[in-house]
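Single-letter residue listing:
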Amino acid sequence: MSDNDGKKTLGVRGGPRSGNVKQSFSHGRTKNVVVETKRKRVVVPKPGAGKSAGSDAQGSKPAQGDPKKRPGGISDSEMERRLKALQAAKAREAGEAEKRAEDERAREEERQRRREEAETKEREEREREDALKAKVEEEARAKRESEEAEKKATAPAQPAPEDVPAPARGGGKPAPAQARKKERPQDERPARGKGKGDDSRRAGKLTLNQALSGGEGGRQKSMAAMKRKQERARQKAMGQNVEREKVVREVQVPEQIVVSELANRMAERVADVVKALMQNDMMVTQNQTIDADIAELIVEEFGHRVQRVSDADVEDVIDAIEDKDEDLKPRPPVITIMGHVDHGKTSLLDAIRDAKVVSGEAGGITQHIGAYQVTTDSGAPLTFLDTPGHAAFTSMRSRGAQVTDIVVLVVAADDAVMPQTIEAINHAKAAEVPMIVAINKVDLPAADPDQVRSDLLRHEVVVEAMSGDVQDVEVSAISGQGLDELLEAIALQAEILELKANPDRAAEGAVIEAKLDVGRGPVATVLVQKGTLRRGDIFVAGEQWGKVRALINDHGDRVNEAGPSVPVEVLGLNGTPEAGDVLNVVETEAQAREIAEYRQEKAKEKRSTAGAGTSLEQLMAKAKEDENVKELPILVKADVQGSAEAIVQAMEKIGNDEVRVRVLHSGVGAITESDIGLAEASGAPVFGFNVRANAPARNSANQKGVEIRYYSVIYDLVDDVKAAASGLLSNEIRERFIGYAEIREVFKVTGVGKVAGCLVTEGIARRSAGVRLLRDDVVIHEGTLKTLKRFKDDVNEVQSGQECGMAFEKYDDIRPGDVIEIFEREEVERKLA
């Protein structure tokens with residue numbers, strides 16, 4: 001192909017002046033373009049050029065002496081710099097070529113040395129084997145000769161065996177062909193395998209000329225292949241076995257595993273694993289999942305050992321350590337204050353702590369579980385848990401009883417035993433913890449401590465004053481009476497229990513309460529039960545995990561660690577845990593995340609499969625039942641997890657066969673815009689308990705017409721939801737009997753039909769009331785009156801003892817002696833109990 005492909009070259013003729021080209025475009029447009037033409041430089045040798053070749057090579061005068069053959073615009077100094085740069089480049093290229101040649105020679109010498117060493121070693125090994133073999137054969141030959149000599153001595157008549165040369169019987173030196181084969185140099189052996197003849201990778205750097213000329217021979221070996229080849233050569237030179245032994249691995253096989261992951265765990269090629277599966281009649285790809293049984297067969301086929309594991313094994317890192325007796329040290333007791341609402345539990349604890357927690361409670365009642373640590377005058381620390389007394393906080397009281405050592409049952413002396421008092425007694429008995437009865441408000445005029453003691457007898461709580469084993473103390477939170485005796489009773493009970501724990505181990509505790517705090521994120525109140533919780537520890541709490549960013553005690557001060565029986569607030573969670581979850585410290589963040597993800601997955605499966613095992617008939621029956629059930633959907637947001645749990649449990653108890661409350665969503669923290677969106681889609685109100693909606697949520701609620709209600713006392717929230725659910729109930733229709741009339745005679749009236757002449761025997765007869773016709777005390781018709789007349793006049797009602805005429809609407813089968821029952825229906829508004 002030519003340079004211009006047969007086209008005419010662009011010339012300068014025909015233009016307005018030399019050096020210009022006129023370009024033509026569509027629609028008659030033209031454009032003058034300046035064309036710069038460059039002529040090809042032709043070097044013509046001159047006479048005497050050979051004499052000046054040395055000077056030309058040194059880049060001096062001849063190139064500079066003829067300015068006509070020099071490119072335009074280049075000065076003498078520039079030309080001299082270019083020539084010097086060219087000479088330097090040539091010298092550098094020559095040096096690199098020489099260096100590459102030296103490197104290649106050094107590598108070749110090293111290869112030759114290694115080859116000679118390998119040959120020498122192989123030759124020595126061969127000679128040693130030959131000598132050993134010759135020795136063995138010589139011994140065997142000597143033994144055979146001795147045996148033959150014995151045979152000759154015992155049997156002289158037999159002819160002597162024909163002598164056979166020793167080398168022919170396998171002894172002595174090898175045959176000439178074998179010797180030649182063994183003495184053959186290693187370099188003369190034929191190369192086996194693909195590419196074994198070309199044992200050298202490209203030497204030196206890859207230059208531009210080599211890359212363009214294609215002298216590399218196509219695809220080259222990878223660096224990993226060259227390293228493997230060098231490693232094999234090194235092992236062979238050192239006399240090691242080149243063939244690697246198969247590594248038998250311990251392969252963990254879960255319940256389900258992807259084929260590629262199985263190959264990775266066995267360190268085998270994925271193609272080999274897929275081939276083995278196909279040989280077992282399983283047409284799978286590397287991205288498909290197989291079960292544990294098939295994976296076990298494949299692992300055993302490849303010669304590895306199988307270790308069956310399950311998803312639940314991730315929790316094995318949480319070790320159940322049995323503490324030794326010598327590691328146990330005394331710990332403070334955990335005391336839970338329990339009792340009925342408004343019996344003075346928080347006030348009693350405030351009197352012990354010299355604090356005023358009750359003044360900050362909404363409505364003067366406790367609606368959260370609180371954890372405090374008190375140091376007595378003797379210096380002994382005590383940990384108190386304050387539980388709510390309202391009926392809705394059953395789960396909180398249950399949690400308090402599960403983590404405690406001693407239960408202090410507070411009973412008001414003027415109120416005696418109440419429902420939540422009985423519930424607290426049952427919780428304490430279920431947890432099998434000792435109980436101390438604190439009879440509060442003994443300073444009131446209506447106080448009757450003996451009545452409290454006798455009421456406790458009905459619930460199998462026998463106090464010491466009545467020859468029992470349960471301590472009872474009369475106290476007053478206002479005046480401080482009996483507080484010292486109460487602390488003394490607690491200290492005595494703790495001494496009897498001999499409470500000990502090991503502080504030098506990974507921490508384990510219980511989440512008493514959890515909340516979502518603005519600015520601090522998820523915060524959990526944790527009571528440490530074993531070990532010591534320190535800043536920086538990685539832990540798992542239920543479905544959440546985190547790293548301890550800060551520890552805050554009950555006084556609001558930051559601490560670096562918390563030992564057994566110490567309540568602290570923990571910051572650093574990735575989410576809000578459930579109240580009652582167990583906190584465990586693990587070693588690594590990966591373990592904590594894996595355990596939390598496993599628990600979340602299990603909880604999700606549990607929620608999704610709740611009720612999934614029903615049959616089609618059961619689903620149809622449930623749908624038919626729910627047809628007539630009205631639902632009140634609501635959204636609940638609370639300040640702490642325990643309050644949200646208590647509200648949800650209270651909502652589940654509201655309702656009957658006709659109406660029920662359905663909690664669409666419950667959570668912790670402020671009301672957000674997503675909550676408003678869910679409420680709008682479901683037509684539900686949003687209830688905030690001790691929380692408020694943020695600005696975007698308020699604006700969204702105003703635009704979408706979603707109702708937001710705020711509460712700080714749980715009574716008000718429950719009562720309002722009951723009232724709203726009661727509004728969904730249909731009114732109850734009640735019948736009220738107002739009179740009876742007896743038919744004396746039946747008349748036929750033209751245009752009206754049969755008319756009954758009646759005597760009102762009881763009550764009153766009304767025109768607008770409903771009537772039933774009774775014959776022999778059996779109802780044979782129920783309807784309304786068409787006419788009610790007194791003599792010839794239509795009247796609205798007839799009093800008892802008077803006669804009247806009655807005609808039924810669309811019914812004429814009336815006879816003398818029948819009784820007419822007159823009644824009225826009224827609608828009564830129903831309310832939920």
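Scroll up to find the structure.
Think of each chain on its own: its residues are numbered from 1, step by step along the sequence as written. Local features are withheld for residues below a pLDDT of 70 in this predicted model, meaning they are given only at 70 or higher, and side-chain atom pairs are given and counted only at 80 or more; totals for whole chains, interfaces and linings count all residues. In computing side-chain values, all of the structure's heavy atoms are included and hydrogens and water are not.

### Observations concerning the overall build of the chain
- When you go through the chain residue by residue, the secondary structure sums to 20 helices and 35 strands.
- Residue burial in the chain is summarised as follows: out of 833 residues, 35% are buried.
- Computed with a 1.4 Å probe, the accessible areas rest on the Shrake-Rupley method; for each residue, only the protein chains presented here act as cover. Counting only carbon and sulfur atoms, one obtains 48% of the accessible surface of the chain, whose full area is about 51,700 Å². Only runs of H or I of at least four residues qualify as helices and only runs of E of at least two qualify as strands under DSSP, and these elements are numbered from the N terminus. Relative accessibility decides the category of a residue: with a 1.4 Å probe and only protein chains considered, values under 20% of the type maximum give buried, values over 50% give exposed, and everything between is partly exposed.

### Structural notes on a negative patch on the surface
- On the surface, D377, D484, E485 and E488 cluster together into a negatively charged patch.
- Along the polypeptide, E485 turns up in helix α14 (residues 483–497). Like-charged residues within 9 Å of one another, or nonpolar side chains (Val, Leu, Ile, Met, Phe, Trp, Tyr) within 5 Å, are grouped into patches, provided each residue has over 30% relative accessible area and no salt bridge. Any carboxyl oxygen of Asp or Glu within 4 Å of a side-chain nitrogen of Lys or Arg constitutes a salt bridge here. Positive charge is attributed to Lys and Arg, negative charge to Asp and Glu, and no charge count is given to His or to the chain ends. For the purpose of locating charges, the reference atoms are NZ of Lys, CZ of Arg, CG of Asp and CD of Glu.

### Things to note about the side chain of H340
- Position of H340 among the secondary structure elements: in the loop between β8 (334–339) and α10 (345–353).
- Relative accessible area serves as the criterion here: at 10%, H340 is assigned to the buried category.
- A polar contact is formed between the side chain of H340 and the side chain of Q420, at a distance of 3.2 Å. The term polar contact refers here to a pair of N or O atoms within 3.5 Å; inside protein, the definition further demands a hydrogen-donor-capable atom paired with an acceptor-capable atom, and it admits residues adjacent in sequence only when both atoms are side-chain atoms.

### Focus: the sheet that holds strand β25 (residues 659–668)
- At least two DSSP bridges between two strands are required for those strands to pair. In space, the four strands of this open sheet follow the order β25-β24-β26-β27, with parallel pairing throughout. Only two strands of the sheet have a single neighbouring strand rather than two, namely β25 and β27 (708–711). Adjacent strand axes in the sheet meet at a mean angle of 25° when their direction is disregarded.
- With four bridges connecting them, strand β24 (residues 630–638) and strand β26 (residues 686–689) associate as parallel partners. From the neighbouring strand, K637 faces β26, where its bridge partner is G688.
- Residue contacts are defined here by distance: any two heavy atoms, one from each residue, within 4.5 Å place the two residues in contact. Interaxial angle, 0 to 180 degrees, is taken between N-to-C directions of lines fitted to C-alpha atoms, where a helix line uses only the stretch in contact. Docked against the sheet, helix α18 (residues 673–682) engages β24, β25, β26 and β27, running at close to 175° with respect to β24.

### Looking at the nonpolar core
- Of all hydrophobic cores here, the largest spans 24 residues; its most connected members are I335, L348, F384, V408, L486 and I490.
- Mapped onto this core, the elements with two or more residues apiece are β8, α10, β9 (370–375), β10 (381–386), β11 (406–412), β12 (435–440) and α14.
- For this core, the element with the highest residue contribution is α14, accounting for six residues.
- Each residue touching L348, except ones within four places of it in the same chain, is listed here: V410, A438, V475, A477, L483 and L486.
- Counting 21 residues, the second largest nonpolar core, distinct from the first, contains I738, A756, L773 and C804. Throughout, nonpolar core names a set of buried Ala, Val, Leu, Ile, Met, Phe, Trp, Tyr and Cys residues whose side chains join them through atoms within 4.5 Å.

### With respect to a nonpolar patch on the surface
- A surface patch of nonpolar side chains, amounting to about 230 Å² of accessible area, comprises F747, V749 and V752.
- Relative to the helices and strands, V752 is located in the loop between β28 (732–749) and β29 (753–766).

### Details of the pairing of strand β15 (residues 508–517)
- For β15 and strand β23 (residues 582–586), the ladder comprises three bridges, and the chain directions are antiparallel. Counterpart to E508 in the pairing with β23 is N584.
- Two elements, β15 and strand β16 (residues 521–530), share nine bridges in a ladder whose sense is antiparallel. Directly across from V511, in β16, lies its bridge partner V526.
- Two successive antiparallel strands, β15 and β16, enclose a turn made up of three residues, where G519 displays a positive phi of approximately 95°.

### Brief notes about the pattern of salt bridges
- If you walk through the whole model with that rule in mind, you get 48 salt bridges.
- A salt bridge links D472 to R453; the shortest N-O distance between them is 2.7 Å. Highlighted residues: D472 in strand β13 (residues 471–474) and R453 in helix α13 (residues 449–457), separated in sequence by 19 residues. Accessibility classification places D472 together with R453 in one group, the buried group.
- With a closest N to O distance of 2.8 Å, R520 and D517 form a salt bridge.
- Through salt bridges with shared partners, a single ionic network connects E735, R772, E782, E821 and R825.

### Regarding the environment of L571
- Along the chain, L571 falls in strand β22 (residues 567–573).
- Each residue touching L571, except ones within four places of it in the same chain, is listed here: R520, P522, V523, K547, V548, R549, A550 and I552.

### Quick notes on helix α19 (residues 695–704)
- Among the residues of α19, those classed as buried are A697, S700 and A701. On an axial view of α19, the arc spanned by its buried residues comes to 100°, and they lie on one face. Across α19 from its buried face, at more than 90 degrees, point the exposed residues N702 and Q703.
- Among the structural elements, α18 and β27 are those in contact with the buried residues of α19.
- Measuring from the side-chain oxygen of the N-cap residue of α19 to the backbone nitrogen of A697 gives 3.0 Å; that N-cap residue is N694.
- Residue G705 follows α19 closely and has a positive phi angle near 75°. Each direction from the helix axis to a C-beta atom contributes to the arc, which is the arc of those directions.

### Some points on the packing of aromatic side chains
- Only Phe, Tyr and Trp rings take part, Trp by its six-membered ring, and two of them pair if their centres are within 6.5 Å. Stacked means planes under 30 degrees apart, edge-to-face means over 60, and tilted covers everything else. Here the structure, examined in full by the defined rule, presents one aromatic pair.
- Relative to Y711, the ring of F687 lies with its centre 5.8 Å away and its plane at 80°, an arrangement referred to as edge-to-face. Here F687 is found in strand β26, whereas its partner Y711 is found in strand β27, with 24 residues between them in sequence. Summarising the burial analysis for this pair, F687 and Y711 share the class buried.
- The rule for a charge over a ring is simple: NZ of Lys or CZ of Arg within 6 Å of the ring centre, and within 35 degrees of the ring normal. Positioned over the ring face of F823 is R772, at 4.1 Å from the centre of the ring.

### Here we look at the environment of Q802
- Relative to the assigned elements, Q802 resides in the loop between β33 (797–799) and β34 (803–808).
- Setting aside anything within four residues of it in sequence, one finds Q802 in contact with C758, L759, V760 and R790.

### Comments concerning the pairing of β8
- Within β8, six of the six residues are buried, leaving the element largely enclosed by the surrounding structure.
- Note that β8 and β10 share four bridges and pair parallel. The residue of β10 that forms the bridge with V334 is T383.
- Pairing geometry for β8 and β11, over five bridges, is parallel. Paired with I335 across the bridge in β11 is I406.

### Details of unusual backbone geometry
- For D776, which is not a glycine, the phi torsion comes out positive at approximately 55°.
- Of note, D776 is situated in the loop between β30 (770–775) and β31 (778–790).
- Judged by its relative accessible area of 72%, D776 falls in the exposed class.
- A positive phi is found at D777, a non-glycine position, where the angle reads about 65°.
- Relative to the helices and strands, D777 resides in the loop between β30 and β31.
- Residue classification places D777 among the exposed residues on the basis of a relative accessible area of 76%.

### As for the packing of α18 against α19
- One can describe the packing of α18 onto α19 by two numbers: an axis separation of 8 Å at closest approach and a directional angle of 20°. One finds that α18 runs roughly parallel with respect to α19. As α18 packs across α19, the resulting crossing turns out to be right-handed. Packed against α18, whose contacting residues are E673, I676, G677 and E680, the element α19 presents P696, A697, S700, A701 and K704 at the interface.
- Under the scheme applied here, ten amino acids are nonpolar (Ala, Val, Leu, Ile, Met, Phe, Trp, Tyr, Cys and Pro), four are charged (Asp, Glu, Lys and Arg), and all others, including Gly, are polar. Considering only residue class, the contact of α18 with α19 consists of four nonpolar, two polar and three charged. When an angle is under 35 degrees it counts as roughly parallel; over 145 it counts as roughly antiparallel; between 65 and 115 it counts as roughly perpendicular; any other value is oblique. By convention, the crossing between two helices is left-handed when the near helix turns anticlockwise from the far helix through less than a right angle, and right-handed when the turn is clockwise.

### A look at the state of the cysteines
- In this description, a disulfide is simply a cysteine sulfur pair whose atoms lie within 2.5 Å. Throughout the structure, instances matching the rule amount to zero disulfides.
- With no disulfide of its own, C758 lies closest to C804 among cysteine sulfurs, the gap being 5.2 Å.
- What makes C758 buried here is its relative accessible area of 2%.

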